[in-house]
Amino acid sequence: MLKILIPTLLLVPTVWVIRPNHLWPAALAYSLMIALTSFSWLKNLSETGWSYLSPYLATDPLSIPLLVLTCWLLPLMILASQNHLASEPIGRQRMYITLLTTLQIFLITAFGATEIIMFYVMFEATLLPTLVLITRWGNQTERLSAGFYFLFYTLAASLPLLIALLLLQNTTGTLSLLTLQYSSPLQLTSFADKIWWASCLLAFLVKMPLYGVHLWLPKAHVEAPVAGSMVLAAVLLKLGGYGMMRMLTILEPLTKELSYPFIILALWGVIMTGSICLRQTDLKSLIAYSSVSHMGLVVGGILIQTAWGFTGALILMIAHGLTSSALFCLANTNYERTHSRTMLLARGLQMALPLMTSWWFIASLANLALPPLPNLMGELMIFTSLFNWSWWTFILTGAGTLITAAYSLYMFLMTQRGPLPAHIIALDPSHSREHLLITLHLLPLLLLILKPELIWGWTN
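This is a predicted model, so every value here is computed, not measured. (Residues numbered from 1 in each chain as written. Predicted model: local features only at pLDDT ≥ 70, side-chain atom pairs only at ≥ 80, totals over all residues. Heavy atoms only, no water.)

A.B. asks: With reference to specific residues and values, describe the overall build of the protein.
C.D. replies: Across its full length, the protein carries 19 helices and zero strands. Rg of the C-alpha trace for the protein: 21 Å, near the compact-globule value of 23 Å for 460 residues, within the 12% margin. Viewed in the frame of its principal axes, the protein has a C-alpha envelope of about 70 × 55 × 45 Å. Counting over 460 residues, the protein shows a buried share of 59%. (Helix = DSSP H or I, 4+ residues; strand = E, 2+ residues; numbered from the N terminus. Rg over C-alpha atoms; globule rule 2.2 N^0.38 Å. Buried < 20%, exposed > 50% of the residue type's maximum accessible area, 1.4 Å probe, protein only.)

A.B. asks: Break down the layout of surface pockets for me, with residues and values.
C.D. replies: Taken as a whole, the second largest pocket holds about 380 Å³ of empty space. Residue lining of the second largest pocket: 18 residues in total, with F39, L42, V68, P444 and L448 positioned closest to the centre. Listed by contribution, the elements that provide at least two residues to the lining of the second largest pocket are α3 (63–81), α15 (307–338) and α19 (432–447). With five residues, α19 is the largest single contributor of residues to the lining of the second largest pocket. Along the lines of polarity and charge, the residues of the lining of the second largest pocket split into 16 nonpolar, one polar and one charged. (1 Å grid on protein atoms, 1.4 Å probe; cavity = no way out; pocket = protein on both sides within 12 Å on 5 of 7 lines; lining within 4 Å. Points joined across faces, edges and corners; volume = space filled by probe spheres on them. Nonpolar A, V, L, I, M, F, W, Y, C, P; charged D, E, K, R; others polar.)

A.B. asks: So what's going on with the packing of α15 against helix α16 (residues 354–367)? Which residues, and what values?
C.D. replies: The geometry of a pair of packed helices is captured by two quantities: the angle between their axes and the separation between those axes. Running from N to C, α15 and α16 point in directions that differ by 145°, and their axes come no closer than 10 Å. α15 and α16 meet at a crossing whose hand is left-handed. Along the contact surface, α15 presents T323, L327, L330, A331, T333 and N334, while α16 presents M356, W359, W360, A363, S364, A366 and N367. (Axes fitted to C-alpha atoms, helices over the stretch in contact; angles between N-to-C directions. Left-handed = near helix turned anticlockwise from the far one by under 90°. Contact = heavy atoms within 4.5 Å.)

A.B. asks: Tell me about the pattern of salt bridges, and name the residues and values.
C.D. replies: Summed over the entire model, instances satisfying the criterion amount to six salt bridges. One salt bridge connects E434 with R337, and the closest N-O pair in it is separated by 2.8 Å. Of this pair, E434 sits in helix α19 while R337 sits in helix α15, and the two are 97 residues apart along the sequence. Just as E434 is buried, R337 falls in that class too. The shortest N-O distance in the salt bridge between E434 and R433 comes to 3.8 Å. Each of the two residues, E434 as well as R433, counts as buried. (Salt bridge = Lys/Arg side-chain N within 4 Å of Asp/Glu carboxyl O.)

A.B. asks: Now, about the nonpolar core: what can you tell me, with residues and values included?
C.D. replies: One finds L201, M244 and M247 to be the most contacted residues of the largest nonpolar core, which totals 156 residues. Considering every element that reaches this core, the biggest residue donor is helix α11 (residues 226–248), with 16 residues. Sequence-distant contacts of M244, that is, excluding residues within four places in its chain, are made with L201, F204, L205, M208, V299, I302 and L303. (Core = buried A, V, L, I, M, F, W, Y, C linked by side-chain atoms within 4.5 Å.)

A.B. asks: Outline the environment of S40, supporting the account with residue identities and numerical values.
C.D. replies: Positionally, S40 belongs in the loop between α2 (23–38) and α3. Separated by 28 residues in sequence, S40 and V68 place their C-alpha atoms 9.3 Å apart. If sequence neighbours within four positions are ignored, S40 has contacts with K3 and Y52.

Structure follows, in structure tokens:
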């Protein structure tokens with residue numbers, strides 16, 4: 001664990017002492033080395049318990065795929081941000097890379113934490129760099145209200161979790177994930193225990209986000225710069241799923257009774273947010289709502305509490321992280337050329353950027369879960385565990401799948417097909433930097449087809 005964490009910490013001073021003309025290449029090379037080193041974690045997936053143990057930081061088959069995804073994303077964010085920050089003063093560029101690195105440090109510590117309170121502190125700490133990214137480097141004046149939404153939704157839901165954790169500490173005497181499994185099972189029967197269960201999960205359901213408490217996400221995505229959107233979609237939403245998986249094993253007896261409304265709400269959210277996607281005119285907003293739709297399935301898979309549901313949820317989280325991040329990068333390449341996120345004003349780009357269209361096509365197919373991509377594998381495992389729970393879910397999941405396919409094709413056709421609008425006179429050609437960026441998103445996704453056991457989690 002330290003062989004990743006210490007180099008990441010050292011990246012912060014390195015960014016401030018390096019010569020301006022070497023800043024971006026050096027930061028990219030350094031972060032890529034960290035990302036490649038993190039692959040060494042994957043060889044320990046055959047072990048079912050904890051590995052790389054220290055009293056506070058350890059990895060297990062559930063956290064390893066998310067840790068590797070976090071490390072993989074930093075070089076991609078640096079690669080994506082290079083162009084639109086080129087005109088800014090060098091101090092701001094250094095600050096931007098420092099914020100991204102700080103965010104990665106917090107995320108690594110959150111996913112690797114063995115103490116639940118440490119996880120909670122890091123879960124909250126990720127808010128600060130993300131908030132600065134949105135409110136300082138966002139595009140429109142609405143970025144301030146987006147920042148407020150993001151901060152207050154997440155903070156308001158997190159305070160009950162803190163109180164619930166302190167109560168758990170009083171009851172069991174420990175908050176370490178290593179020793180909690182050996183403590184005596186909790187006797188949860190009263191109405192107060194049910195409120196305690198809800199407060200434990202509320203913070204994670206808002207972070208996922210569950211339909212109904214999702215309004216902060218489209219705002220934050222639309223206003224954030226490209227790196228903010230990438231890290232938000234790929235990793236920060238997954239913090240919610242990871243937290244739910246960790247907490248539900250402790251709250252075992254109550255989940256069976258209390259999860260019904262949340263599962264139904266999550267599946268209803270898949271249909272509703274998918275329908276909202278079909279009405280969107282803003283490209284980034286469409287991709288943001290599609291994230292809510294996919295996370296609804298993940299919530300359902302986790303709350304079912306079966307091995308298949310957990311595995312499917314983890315696979316879908318990793319696959320969605322790579323897919324949605326790639327879609328935000330593609331949306332950004334369009335925005336840098338046309339300076340508009342409105343799909344009607346930036347359509348027919350296949351005529352001008354044919355190679356980008358092939359990337360759009362692969363990313364759209366991944367978004368609608370085309371076989372044999374891991375997206376489909378995760379969805380099928382979640383569907384199977386849901387059918388096993390109640391066959392009525394067939395109606396909701398079936399409709400959700402159809403709507404997902406419809407809005408993915410709608411997004412592709414609106415942005416790429418048709419005549420080029422008359423107001424688009426000259427467009428920059430696509431750069432090799434952009435092609436490399438999308439390749440580094442979609443290549444791992446395609447390689448996971450060959451070795452999906454890397455992201456199965458703890459049921460392998």
